[in-house]
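# Summary of the model geometry
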Amino acid sequence: MFGRGDCGGECRNPGGCVCPSQAAPVGRNRLLDVLEQPDPDLGKQLCRPSPCGKWLQATDLTREVYQHLAHYVPKIYCRGPNPFPQKEDMLAQHVLLGPMEWYLCGEDPAFGFPKLEQANKPSHLCGRVFKVGEPTYSCRDCAVDPTCVLCMECFLGSIHRDHRYRMTTSGGGGFCDCGDTEAWKEGPYCQKHELNTSEIEEEEDPLVHLSEDVIARTYNIFAITFRYAVEILTWEKESELPADLEMVEKSDTYYCMLFNDEVHTYEQVIYTLQKAVNCTQKEAIGFATTVDRDGRRSVRYGDFQYCEQAKSVIVRNTSRQTKPLKVQVMHSSIVAHQNFGLKLLSWLGSIIGYSDGLRRILCQVGLQEGPDGENSSLVDRLMLSDSKLWKGARSVYHQLFMSSLLMDLKYKKLFAVRFAKNYERLQSDYVTDDHDREFSVADLSVQIFTVPSLARMLITEENLMSIIIKTFMDHLRHRDAQGRFQFERYTALQAFKFRRVQSLILDLKYVLISKPTEWSDELRQKFLEGFDAFLELLKCMQGMDPITRQVGQHIEMEPEWEAAFTLQMKLTHVISMMQDWCASDEKVLIEAYKKCLAVLMQCHGGYTDGEQPITLSICGHSVETIRYCVSQEKVSIHLPVSRLLAGLHVLLSKSEVAYKFPELLPLSELSPPMLIEHPLRCLVLCAQVHAGMWRRNGFSLVNQIYYYHNVKCRREMFDKDVVMLQTGVSMMDPNHFLMIMLSRFELYQIFSTPDYGKRFSSEITHKDVVQQNNTLIEEMLYLIIMLVGERFSPGVGQVNATDEIKREIIHQLSIKPMAHSELVKSLPEDENKETGMESVIEAVAHFKKPGLTGRGMYELKPECAKEFNLYFYHFSRAEQSKAEEAQRKLKRQNREDTALPPPVLPPFCPLFASLVNILQSDVMLCIMGTILQWAVEHNGYAWSESMLQRVLHLIGMALQEEKQHLENVTEEHVVTFTFTQKISKPGEAPKNSPSILAMLETLQNAPYLEVHKDMIRWILKTFNAVKKMRESSPTSPVAETEGTIMEESSRDKDKAERKRKAEIARLRREKIMAQMSEMQRHFIDENKELFQQTLELDASTSAVLDHSPVASDMTLTALGPAQTQVPEQRQFVTCILCQEEQEVKVESRAMVLAAFVQRSTVLSKNRSKFIQDPEKYDPLFMHPDLSCGTHTSSCGHIMHAHCWQRYFDSVQAKEQRRQQRLRLHTSYDVENGEFLCPLCECLSNTVIPLLLPPRNIFNK
């Protein structure tokens, strides 16, 4: 095909050289044909020998190559107003890139590159760069984190296809992690790349597979071309080129270059271009589309003045409201060189694909320091100019980095160091830039920081954690007088900046996502330095956005609250991961705990906040605290430092560090009142909001409370506040804690003053205040239930993470059966987007396969119902009510009493063991006794059943606790939990109030407490069982039958009567449900059976129609005015909208069927006939030729006429409210009166009334 020659004597390659000049004439002619008006100089170049021979002999190769490029690039690229990519690429390949390939190979590239590929040892890394929209796969079982993904080819050939996996579509820019052993716990290789790892030896230098000549030539040509590309792409002058590339003859041709931004809309750009360059709308749309896709586009070509005129019009038209569109008038030669620079970077990316050795050389060239010292390497120059480059240029060089630096393990580390050193600058450029994250070099952080070995190396060597956090804080400079973040009155620019700066939190998450298994001293030191920086960040959040209760008038302007919660939500996983890192090393945990405590003490500033000290006394106990009213002072919902300390305190218990090294911990320095103060204020705030005391503060506060309890935030907000209170209670006298709590809830007066409640309730004018106080008492009791009962966090109670997830699922399924997706949404996700549900769901639930509803449901196993806790702390008010109703209904169906006793709880960890004493403390018994007294004398006090229900639950918890203590006691230990004894004692003089036990026995028969009788009976039964256990010796077990006999003896007549009524109601409901299900079936034989049942029912119950003879359907029937009356089937139907069942009778409310009426020509004898005036045409009049008829169809679903009318009106109103441009294409036309059947979505446009048979109406 090709002859071998000596290139006219110019090439001195000893092996001979085949150059482009020796190629077949057809190739040259085809290239010349491509040029409609070929440049004569270009034509000569196509016919003359290649310059590669000259380059091989050159002493100054850089000058030779630059001269060649300076001469030919402007002749190939940018020759007119519109680009011709195909023509330009063909010429560039032959005239510019071809010689470079010849020089690199030393022979015909068609032979040279296959040789290089053959000598190369294939890489075990896939490295496929994803395109936008391409599917990616991540194994949920084996991926180290969710960012580890596979391309489709590798996934289908891997073991992960049989695992649990997540499929997503790529946003473009990432690459396949197949072959990366750090990305996968197992199965890092697919079948294709596993072949390359049969002998994985230590990392060998890929340059050994290349000859020294090839290495030298490659290094030369890569250094020149890479430098040229970087130099021309980062060139900022618009009219002159670098000295090396200046032309002797310079044409007066310029481009008016329009650049992309994310501020102006398509419409603005199109309108402006039509005015500026006098183009059609179609051309303007083409320009705008290219600018958006590639980042820039020339919109005018000509002399300088001509282009400058268009620029001034564009700037003037787009600068009225925002910053103007970026426009530059650039000389055509600069644009030409920049276009070729991009082509050159793409060419480098394709060339290094032939050999790992070539990739290694390019990495060396890119990272080699230049003469200017730091940040002078080509890679640094490109990265630091990123925000100045247009979108297309960024994409090209990012792809080159991914296929070179990130695919070479040695240089990936060196690049990671350069990236970390420039991190602050890169992020600042990104924040001030307006392009999306995927078009910024900062987005490469995900490729570097998620590699565990690189992340550790960057933390220890570059202090990366501190750099990220400090960079983040530098961008949030808006602070209040106390140094806290202040998002109030953010300008649009500050809000935009805040949205962009959130990506730094994501980078911190990437760094922490893989926990260390081994710690070095350097890693400990640098992590703790980063932890210090993180505490500084949390310190700026502690107490931010404080609020004060609005009294008198409603708040005028809703305060900004979303920014603070956005920050909290973004940091939630980071805070959890910080704790996980601390938990993995005892030394780190101890130091982190000390540091966090020190910062919390700084935040409290002596804790008193300048408030007046007061002394509280109840039941002979007194405590000193401060006078503080949540309803009058400032209070904040943001307490991240307190919550982090709570998390670390739990880890001290979980890891047993608190018991191993108590001398190293500052536990003696802890001030429990200080620890509990702010979390308690926050929980009191929630209680007061529920009591309606903060209504005038608007929706901003309601939203904050919602998110505080929401599944996205609660793990590091609400849950940690509960843990912090548990920590405080476990370290202080429970009586003192309860008095402080009463004071913060503003209930101290009620429980410390005798008969205060009676005096208070007698004042008729304070009904709202009475209601508020009742709600606050209920909320306070609920909080005490939570403090004692929520021990399912590992470290608080003796449980593991699986128990915690099981409990969450049990309580969600206690509300109702749930679909998989619904259940997952109700569970918190970890940093890997996992809930842990799949590992435990089979132990607690049955899966019910999808039926007519189309959704499979998980139903709670019956044996798990005993673990139900009515006061589960993650229930919302609505969920608690639904769960209570569902569980009571279940108990009635099983013919059990409807008491919902507290479940048996796991024991506390030793660090929290003293918490249970709150149940038997004097103040707690006083609170219980007071509320029970109110219930006994129910007419004299303002109290509520919810309040009583909570007290009964607390008494039940205490009895369960004492029972467990007695069951687990050993001979050498004495049970100190003596709740049963304390509730048996009456009050002391002068009050002489009855004992709690006596009041419970009184309430047992109270007619106004019918709902709670079962619970009171359960308490009395359990009390007797515990009493028996206490009386008997530890060795003799209690007879199990005693409780049963006692229960039977306590049954009374009213209980039996209630059960009988409940049974009748249940049977009636089952009968109605059976009738409804029968009506929904359409099998003939079942309909006959139903008909017969109805006849029998009528015959047995009806005594009507006795004044005229009644005939069976087997006898003769007389017609006429005195016709025989035949018994008709009674018809019952159910409205599909309100679900109300109704018998079809004349006096009943009107019922209708959804129907569709349309013209029909199915039976027409004259289809060609045209109706002149359809509006006046009577559809009931049928012409003899049957040209057109009326067809009516119905799906058969029945509704009340007024229900349908309301539904139809809402459909029309909804359509009218929706803006025209937002309307979606629908299958029905509302304007023509069409609608969809509410049940089956069958197209309808009218309704048909449901009527009785005429004979029935006549008879009546």
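How each quantity is defined
- Residues numbered from 1 in each chain as written.
- Predicted model: local features only at pLDDT ≥ 70, side-chain atom pairs only at ≥ 80, totals over all residues.
- Heavy atoms only, no water.
- Helix = DSSP H or I, 4+ residues; strand = E, 2+ residues; numbered from the N terminus.
- Buried < 20%, exposed > 50% of the residue type's maximum accessible area, 1.4 Å probe, protein only.
- Areas by Shrake-Rupley, 256 points an atom, 1.4 Å probe, with all protein chains shown as cover.
- Salt bridge = Lys/Arg side-chain N within 4 Å of Asp/Glu carboxyl O.
- Pairing = 2+ DSSP bridges.
- Phe/Tyr/Trp six-rings, centres within 6.5 Å; stacked < 30°, edge-to-face > 60°.
- Lys NZ or Arg CZ within 6 Å of the ring centre and 35° of its normal.
- Axes fitted to C-alpha atoms, helices over the stretch in contact; angles between N-to-C directions.

For the protein, the count of helices and strands is 49 helices and 16 strands. With 1260 residues in all, the protein has 49% of them scored as buried. Carbon together with sulfur atoms contributes 52% to the accessible area of the protein, which is approximately 62,200 Å² in total.

Looking now at the pattern of salt bridges. The final tally for this structure, using the stated rule, is 47 salt bridges. Between Glu-107 and Lys-115 there is a salt bridge whose closest N-O contact spans 3.3 Å. Here Arg-360 ties to Asp-408 by a salt bridge, and the two come within 2.7 Å at their closest N and O atoms. Of this pair, Arg-360 sits in helix 14 (residues 356-367) while Asp-408 is found in the loop between helix 16 (391-403) and helix 17 (409-421), placing the two residues 48 residues apart along the sequence. If you follow the salt bridges from partner to partner, you end up with Arg-140, Asp-141, Arg-164, Arg-166, Glu-834 and Glu-838 in one network.

Let's shift gears to the pairing of strand 4 (residues 296-302). Across the seven residues of strand 4, six count as buried, placing the element largely inside the fold. Across six bridges, strand 3 (residues 254-259) lies against strand 4 in antiparallel orientation. If you follow Leu-258 over to strand 4, its bridge partner there is Arg-297.

On to unusual backbone geometry, then. Glycine aside, the phi torsion of most residues is negative, and most peptide linkages are trans. At Asn-278, a position not held by glycine, the phi torsion is positive, near 50°. Here Asn-278 shows up in the loop between helix 10 (266-277) and helix 11 (281-294). Using a relative accessible area of 66% as the deciding quantity, one classes Asn-278 as exposed.

Turning our eyes to something else, we now look at the pairing of strand 3. Counting buried residues along strand 3, six of its six residues qualify, which places the element largely inside the surrounding structure. Residues Tyr-254, Cys-256 and Leu-258 of strand 3 are buried on one face, and the alternating residues Tyr-255, Met-257 and Phe-259, pointing to the opposite face, are buried as well. As judged from the five bridges shared by strand 3 and strand 5 (residues 327-331), these two strands associate in the antiparallel manner. Pairing of Cys-256 across the sheet is with Val-329, part of strand 5.

All right, on to the packing of aromatic side chains then. Within a pair of aromatic rings, the relevant descriptors are the distance that separates the centres and the angle that separates the planes. Within the structure shown, the criterion is met by 39 aromatic pairs. Here the aromatic rings of Tyr-706 and Tyr-707 are separated by 5.2 Å at their centres, their planes lie at 80°, and the arrangement is edge-to-face. Assessed through its relative accessible area of 51%, Tyr-706 is described here as exposed. On the basis of relative accessible area, Tyr-707 is assigned to the partly exposed category, the value being 26%. By the ring-pair criterion, three or more aromatic residues cluster together here, those being Tyr-397, Phe-401, Phe-415, Phe-419, Tyr-423 and Phe-449. Stacked on the ring of Phe-259, the Lys or Arg Lys-326 has its end atom at 4.6 Å from the ring centre. In this structure, Arg-681 is placed above the aromatic ring of Tyr-628, and the distance from its NZ or CZ to the ring centre is 3.6 Å.

Here we come to the sheet that holds strand 16 (residues 1246-1249). Here we have three strands laid out as an open sheet, ordered 13-12-16, and antiparallel in their pairing. At either end of the open sheet lies a strand with only one pairing partner, and these are strand 13 (1189-1200) and strand 16. Sheet twist, expressed as the average angle between the axes of neighbouring strands with direction ignored, equals 40°. One ladder, built from four bridges, connects strand 12 (residues 1151-1160) with strand 16; its direction is antiparallel. Residue Ala-1154 lies in a different strand from strand 16, and its bridge partner there is Val-1247.

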